[in-house]
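# Descriptive analysis of the structure
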Amino acid sequence: MLDEVIGHAREDIGKVTEPKAQALFETTAEVCTGLKTAYEHYEQDEPARQR
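To keep things clear, this report deals only with the structure shown in the data block. What you see is a predicted model, and the numbers here were worked out from it, not measured in a lab. (Residues numbered from 1 in each chain as written. Predicted model: local features only at pLDDT ≥ 70, side-chain atom pairs only at ≥ 80, totals over all residues. Heavy atoms only, no water.)

## What about the pattern of salt bridges?
A side chain with one charge may pair with a side chain of the opposite charge, provided their charged atoms come close. Using the criterion set out here, one finds 4 salt bridges in the structure. Residue Asp 3 pairs with Lys 36 through a salt bridge whose shortest N-O separation is 2.8 Å. Of this pair, Asp 3 sits in helix H1 (residues 2-13) while Lys 36 sits in helix H2 (residues 19-49), and the two are 33 residues apart along the sequence. With a relative accessible area of 27%, Lys 36 lands in the partly exposed category. Put simply, Glu 26 and Arg 10 hold a salt bridge, and the shortest N to O gap is 3.8 Å. One end of the pair, Glu 26, is in helix H2; the other, Arg 10, is in helix H1, with 16 residues separating them in the sequence. Exposure remark for Glu 26: the relative accessible area of 31% places this residue in the partly exposed category. On the basis of relative accessible area, Arg 10 is assigned to the partly exposed category, the value being 37%. Because the salt bridges share partners, they merge into one network encompassing Arg 10, Glu 26 and Glu 30. (Salt bridge = Lys/Arg side-chain N within 4 Å of Asp/Glu carboxyl O. Helix = DSSP H or I, 4+ residues; strand = E, 2+ residues; numbered from the N terminus. Buried < 20%, exposed > 50% of the residue type's maximum accessible area, 1.4 Å probe, protein only.)

Have a look at this one:
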């Protein structure tokens, strides 16, 4: 789901000309990318917590 949001936000950067809107879409993509990475790291650590 986050991949879809990231993709849409990045696509929207090219659809607008207003710099503030472009920055907002880029920030959205970056934040979602970081969130996706955090979930991936959490899932990788999960088996170690169950020991």
